[in-house]
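What the coordinates show
Chain by chain, the residues run as shown.
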Amino acid sequence: MKKLVALIAAASALIAAQNSVVVPFGGYLRYGDGSVKDSGYMAGVYMSSESDGKVVELQYSYVDISYKDSSENLRQNDFTLALSAKTEDGNSFRVGGHYIDSDDIYTDGGLALFGGAHFASTAQLYYGADLYYTNYKNFDPALNVWQATPYLGKFFYGGDLGNFYLKASYTYIWLQSSRIVQSVGQTGGNGRGTVSIVKTDEYGDSYNSASISATHYYKRFTTTASFWLGKQAFAVRDGGFSVYNLPELHKGGAKLQTYYSYSKETTLGVSFGYERFTDTQSGEDTGLFAAIASLTYTF
């Protein structure tokens, strides 16, 4: 509760400032037959404010997931803070943190720290990298996850067809899977609020993945199609705003997002995504479908 009160106070200060953005969002989650999870919903709000090239970003999100065996739902709160500095030539530098308050015993209290450097060239090339460190102190010994995500993007002018932005990125994740095996071996059992990981043999020490996205800017519409291949565990995405802390080994996915600028101040957005993953509670390969809607308001 104290974290939420502090976030509300900081958000109020952001909204009062000029050049502010507020984005409430919500969505529906549906899991495949091989998962112990059934369905869920999520909701939250993102806020940002910019002044003299300095940007402050805040996000709060809540997720509630039900299980096929009618066990008690898993509920989780996520809090994110990021600070950025922009230069006159279009470069930016960013640091931040993401805190997890979850019913999942191993990742409750998890903390992700991140930083990144992003550069722009006169040839409409954009490149940079983000580094992430996540600590899950409830594993015994504690589980540390390191991640590096470099990327390269190119902007194209398309005239009457609109403009395009293509981006490719690579993600490397490193952790000590022996700490997962040791923690589960010491605790034993299964269930929300006790132990969520059962199939420890699914985990390795490193993961590699690559993604490609294409964004089309046309009149009032901005549409992005993306897909990724490889493997990820305990990944951090979306610049630190999404931390995949639940017991899932992700193996690729695709997403379609579109935004419509209703006015200068208001933008409506919707996204649909699907991912394949191994549920390490059941040991089965399955999928996850997500649909999310958002409303962006600029002050």
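Quick note: structure is the one above.
Quick look at the structure, then. Just so it is clear, the model here is predicted, and its values are computed rather than measured. All chains use their own residue numbering, which begins from 1 and follows the written sequence. Given that this is a predicted model, residues contribute local features only at a pLDDT of at least 70 and side-chain atom pairs are listed and counted only at 80 or more, while totals for whole chains, interfaces and linings are drawn from all residues. Hydrogens and water are ignored here; the side-chain numbers use all heavy atoms of the structure.

**Topic: the pattern of salt bridges**
Opposite charge on two side chains permits pairing when their charged atoms draw close. Salt bridge, as applied in this entry: a Lys or Arg side-chain nitrogen positioned within 4 Å of an Asp or Glu carboxyl oxygen. Summed over the entire model, instances satisfying the criterion amount to nine salt bridges. For Arg75, the salt bridge goes to Asp64, with nearest N and O atoms at 3.0 Å. With Arg75 in strand β4 (residues 74-86) and Asp64 in strand β3 (residues 54-67), this residue pair connects regions lying 11 residues apart in the sequence. Buried residues are those whose accessible area, probed at 1.4 Å on protein chains only, stays under 20% of the maximum for their type, while exposed residues exceed 50% and partly exposed ones sit between those limits. On the basis of relative accessibility, which here comes to 6%, the residue Asp64 falls in the buried class. Residue Glu275 pairs with Arg237 through a salt bridge whose shortest N-O separation is 2.4 Å. In this pair, Glu275 is assigned in strand β15 (residues 266-279) and Arg237 in strand β12 (residues 236-237), connecting sequence segments 38 residues apart. Taking relative accessible area as the criterion, Arg237 reaches 16% and is therefore assigned buried. Each of Lys37, Glu248 and Asp279 takes part in salt bridges that share partners, so that together they form one network. Labels follow the DSSP assignment, with helices taken as runs of H or I lasting at least four residues and strands as runs of E lasting at least two, numbered in each case from the N terminus.

**As for the pairing of strand β7 (residues 125-136)**
Along any regular strand the residues' side chains alternate between the sheet's two faces. We treat two strands as partners when DSSP finds at least two bridges between them. Alignment of strand β6 (residues 111-120) against β7, held across 10 bridges, turns out to be antiparallel. The partner of Gly115 across the bridge, within β7, is Leu131. Taking the residues that link successive antiparallel strands as the turn, the β6-β7 hairpin has four residues, and the phi of Gln124 there is positive, at about 60°. Where β7 and strand β8 (residues 143-156) come together, 12 bridges link them in antiparallel fashion. Its bridge partner lying in β8, Tyr126 is registered against Gly153. Hairpin connection from β7 to β8: six residues lie between these consecutive antiparallel strands.

**Examining a nonpolar patch on the surface**
Distance thresholds for patches are 9 Å for like charges and 5 Å for nonpolar side chains (Val, Leu, Ile, Met, Phe, Trp, Tyr), applied to residues having over 30% relative accessible area and no salt bridge. The method behind every accessible area is Shrake-Rupley, applied with a 1.4 Å probe, and residues are considered shielded solely by the protein chains displayed. Among the surface-exposed residues, Tyr28, Phe272, Tyr274 and Phe289 lie close enough to one another that they form a single nonpolar patch of about 390 Å² accessible area. If you trace the backbone, Phe289 turns up in strand β16 (residues 284-298).

**Here we look at the side chain of Thr149**
Within the secondary structure, Thr149 is located in strand β8. Within the structure, Thr149 has its side chain in polar contact with the side chain of Thr171 (distance 3.2 Å). With sequence-adjacent residues up to four places away left out, Thr149 is seen in contact with Gly128, Ala129, Asp130, Tyr132, Ser169, Tyr170 and Thr171. For the purposes of these results, a polar contact is taken to be a pair of N or O atoms within 3.5 Å, where, inside protein, one atom must be able to donate a hydrogen and its partner to accept one; residues adjacent in sequence count only when each atom of the pair is a side-chain atom. When checking whether two residues touch, look at their non-hydrogen atoms; a contact exists if any pair is within 4.5 Å.

**Re the side chain of Ser102**
Position of Ser102 relative to the elements: it lies in strand β5 (residues 92-102). Taking relative accessible area as the criterion, Ser102 reaches 7% and is therefore assigned buried. A polar contact of 3.0 Å, which involves the side chain of Ser102, links it to the backbone nitrogen of Asp104.

As far as function goes, none of this settles anything; it's purely spatial.
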